[in-house]
Structure formats: structure tokens, C-alpha cells
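A structural walkthrough
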Amino acid sequence: MTTTPEARDLETDPVDTDTVGDAGRTKRVLLAKPRGYCAGVDRAVITVEKALETYGPPVYVRKEIVHNRHVVDTLTERGVIFVDETDEVPEGALVVFSAHGVSPAVHQEAEERNLRTIDATCPLVTKVHKEVNRFARDDYDILLIGHEGHEEVEGTAGEAPERVQLVDKPEDVDKVEVRDPSKVVWLSQTTLSVDETMERVDQLTEKFPTLQAPPSDDICYATSNRQQAVKVMAPQCDLVIVVGSQNSSNSKRLVEVALQAGASASHLIDYASQIDESWLEGVTTVGVTSGASVPDVLVLQVLDHLAERGWGDVEEVTTANEKVTFALPRELRKDLDENASPKSVR
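Residues numbered from 1 in each chain as written. Predicted model: local features only at pLDDT ≥ 70, side-chain atom pairs only at ≥ 80, totals over all residues. Heavy atoms only, no water.

Quick look at the pairing of strand 10 (residues 266-269)
- Sheet topology places strand 9 (residues 239-243) next to strand 10; 4 bridges connect them, and they run parallel. Residue pairing in the sheet places Val 242 in a bridge with Leu 268 of strand 10.
- What joins strand 9 to strand 10 is helix 9 (residues 249-260), and the crossover it makes is right-handed. (Pairing = 2+ DSSP bridges. Helix = DSSP H or I, 4+ residues; strand = E, 2+ residues; numbered from the N terminus. Right-handed = clockwise from strand over helix to strand, strands pointing away.)

Right, dumping it as C-alpha cells:
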């Protein structure tokens, strides 16, 4: 199906009653762009695919390579074994570290177990790790804004655990204690809501007026771009469907952003089959987007599902054009056969 249908002349092109909403308006879908895979996710998924092709299964991956159920299930079928901790990987085996990054302690454990490692950490997460190291060397207290228990936060904080304090909820601000208020900096998880992050920054600044900001934005370009597209689209939508998994931080933030920006309702789904028919009752305009770890095939399935129910007119809402790409991990590049072209889950 096409996601950019020709404009309809309503005077000469009769409207099918099945495509008209309860208020007499034509049913339509607004499709956010950008959406779906970011450069870091694309790099991580290709890394695992290339590892399978180059070294053969099994390939072990610590945690989920990216937070998407479809990607994980598909790679599992191809011979990837996902584990929670490094000590579950047989000694001497190959393990890939996920896009969310790991702490130095995890690297050390892998070395002690004589594991062959490929680090698929997103370069934008690596940037935050380097910021932690830089400020820790300069003896700063580091206030990391992020969600407790998230893999990225654990890896980032693990770079300098004695210097990093996690700020998740508003009440966490009151608990922060620093040694020198003139040497405090805030950093953030890359997949947060921009607005929510700045709320925490404002709270922290009230407490520490000389609080320093990161040298450059920590929230990644893809997270910001997807949120901005939803902000533009949501006020026109009766319903916004976000394709993404429940453990995907950036996907969950898109639901929140849609509601805050004016959508009447918003829901997070992995697959089109999870759309509840009751959500569509009385709905004219449906917005569709997807998190940064979601292959576009899942979005196309949602569009097909909606088209079968009368929402066949699709208009793309474009707020940015992304051209960012990242090179594959150096551990993998040197062993790759340039002519290889593995089947992709993208």
C-alpha cells in the first residue's frame, strides 16, 4: 500500500460511506515522519545480523539488542541467544553488547571469561559515557536524569558510580546531595521526553543555581525528532497509535507526548492485531507513529489494518529528514566479507 496517496477532489470523487466518520468528516490517517529505526538501532541490528552471517550461530547478545519484541523474536529464530548477564555466556563464546551500552564492570567480566565481544552500543550513548568520565575526572558530582532500572542508565552510571546520582522522579531532586554546589553537572538518558527532562533540569537548577549542562544535547536526535513529529500531528488526532514495545522508553514517551500535545487518546502496541476495535469508535483522524527501535514493516501492517476498516487515506506529516548513519563496530568490520548481504529484520 502507498503511504502518500494522491489528494482527493471531494467534489468530483464520491466518498465511500465506509470512509466517513460519525461527524461526516472523511476518515484519514496522519503518519508521522520521522518514525521507526534510528541510526543507532539500525547499526545494532545489522551488527547482530552480520555476526550471524560471519561467525555462524549461536551468537549471544547480552540483554535485548534493542527494545523491540519483533526484532528479538526474529533474531532468536535465526540463532541468537539473548541472556541477561555475561556469566550466562559460555567461556570463549561470542557476545554482542546491546545498543543501550554496558558498564566497565561488564567489559571486565567478559574479559575474565575470555569472551569474544562486539560492542553495539549506540555512539550517542557512548558520548554520554565519555561525558561521565570527563566530569568524574574533574571531580564533579553528576546528576543523571533517567529512569531507574533502564539498561542505558545502569551502563552510564556504571562509568563512575561513586560520582553519579540518579534523578528519576520529582521527589528525587530533594534527595540529591553534593559536595560542592559549584561543581555539579546534569546529564541524561538519551531516550527521555525532552519536556520532562527540562522539568527536572528546572527543578535541579532551583536547588543548584550554578548547575552545568552537558556540552551538547544528551537526548538523541531521533528521540527529539519523533517527539516533535507527534507534537505537530497530535492536536489533529482523535487517536494516536504508537507502534513499539512496553519496555521501549522512547516509545512510551511518544504516547505521553501525544496526549500532552492534544490527542484525545493514545495507545502503545507491538502489532496491528493488538488494536482494540473500541478505540476506533467515533474516530475520524488516526495518527500513527513508531518508536526508534521499530522496523517499518510493523507500521505498514497497522496501516493495512486501518485501511481495511475505512482509514485508507494516509497523509505523511514530515517535520525532519534524517540522514544520520553510523559505522559498524570496529570489532566486526575487520572480519566482514564485503559481499555479504544477510536477510534483514528492518
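A few points about the sheet that holds strand 1 (residues 28-33)
- Ordered in space as 10-9-11-1-12, the 5 strands form an open sheet in which the pairing is parallel. Strands at the two margins of the open sheet, each flanked by one partner only, are strand 10 and strand 12 (314-318). This sheet shows a mean twist of 25 degrees between the axes of neighbouring strands, independent of strand direction.
- Here strand 1 pairs with strand 12 via 5 bridges, running parallel. Counterpart to Val 29 in the pairing with strand 12 is Val 314.
- Each of strand 1, strand 9, strand 11 (285-290) and strand 12 is contacted by helix 8 (residues 221-233), which is oriented at about 150 degrees to strand 1, the strand it contacts most.
- Contacts from helix 9 reach strand 9, strand 10 and strand 11, with the element oriented near 165 degrees to strand 10. (Axes fitted to C-alpha atoms, helices over the stretch in contact; angles between N-to-C directions. Contact = heavy atoms within 4.5 Å.)

Focus: the side chain of Thr 86
- Locating Thr 86 in the fold gives a position in the loop between strand 3 (80-83) and strand 4 (94-97).
- Among the residues examined, Thr 86 registers a relative accessible area of 1% and is labelled buried.
- Of the polar contacts made by the side chain of Thr 86, one reaches the side chain of Arg 62; its length is 3.5 Å.
- Among residues more than four places away in sequence, those in contact with Thr 86 are Arg 62, Val 106, Glu 109, Ala 110, Arg 113 and Leu 115. (Buried < 20%, exposed > 50% of the residue type's maximum accessible area, 1.4 Å probe, protein only. Polar contact = N/O pair within 3.5 Å; in protein donor to acceptor, adjacent residues only side chain to side chain.)

Re helix 4 (residues 123-137)
- For helix 4, which comprises 15 residues, the first-to-last C-alpha distance of 21 Å matches the rise-based estimate of 21 Å (1.5 Å per residue) to within 8%.
- Those residues of helix 4 that fall on the buried side of the exposure criterion are Val 125, Val 128, His 129, Glu 131, Val 132, Phe 135 and Ala 136. Viewed along the axis of helix 4, the buried residues span an arc of 155 degrees, placing them on a single side of the element. Facing away from the buried side of helix 4 by over 90 degrees, the exposed positions are Lys 130 and Arg 137. (Expected span 1.5 Å × (residues − 1). Arc of directions from axis to C-beta.)

Some words on the UniProt feature "binding site: isopentenyl diphosphate" (unreviewed entry) in the protein chain
- According to UniProt, the "binding site: isopentenyl diphosphate" (unreviewed entry) feature falls on His 67, His 100, His 150, Ser 248, Ser 249, Asn 250 and Ser 293. Of the annotated residues named above, the ones that line the largest cavity are His 67, His 100, His 150, Ser 248, Ser 249, Asn 250 and Ser 293.
- By the element assignment, His 67 lies in the loop between strand 2 (59-62) and helix 2 (69-77).
- By relative accessible area, which is 5% here, His 67 ends up buried.
- Once you skip the residues sitting within four places of it in the chain, His 67 turns out to touch His 100, His 150, Glu 151, Ser 245, Asn 247, Ser 248 and Ser 293.
- Of the polar contacts made by the side chain of His 67, one reaches the side chain of Glu 151; its length is 3.2 Å.
- With respect to the element layout, Ser 248 can be found in the loop between strand 9 and helix 9. (UniProt positions renumbered as here; feature names shortened; annotations may be inferred. 1 Å grid on protein atoms, 1.4 Å probe; cavity = no way out; pocket = protein on both sides within 12 Å on 5 of 7 lines; lining within 4 Å.)

Structural notes on empty space enclosed by the protein
- For the structure on display, the rule yields 2 cavities of 30 Å³ or more.
- Computed from the structure, the largest cavity encloses a volume of approximately 250 Å³.
- Lining the largest cavity are 24 residues, with Cys 38, Val 41, His 100, Thr 191 and Asn 250 sitting closest to its centre.
- Secondary structure elements with two or more residues in the lining of the largest cavity: helix 1 (39-55), helix 4, helix 8 and helix 9.
- Looking at the lining of the largest cavity element by element, the count peaks at 3 residues for helix 1.
- Here the second largest cavity is characterised by a volume of approximately 40 Å³.
- Forming the boundary of the second largest cavity are Ile 145, Gly 146, His 147, Val 167, Asp 168, Leu 192, Glu 196, Thr 197 and Arg 200.
- Broken down by element, the lining of the second largest cavity gets its largest block of residues, 3 residues, from helix 7 (residues 194-207).
- Tallied by class, residues from the lining of the second largest cavity come to 3 nonpolar, 3 polar and 3 charged. (Points joined across faces, edges and corners; volume = space filled by probe spheres on them. Nonpolar A, V, L, I, M, F, W, Y, C, P; charged D, E, K, R; others polar.)

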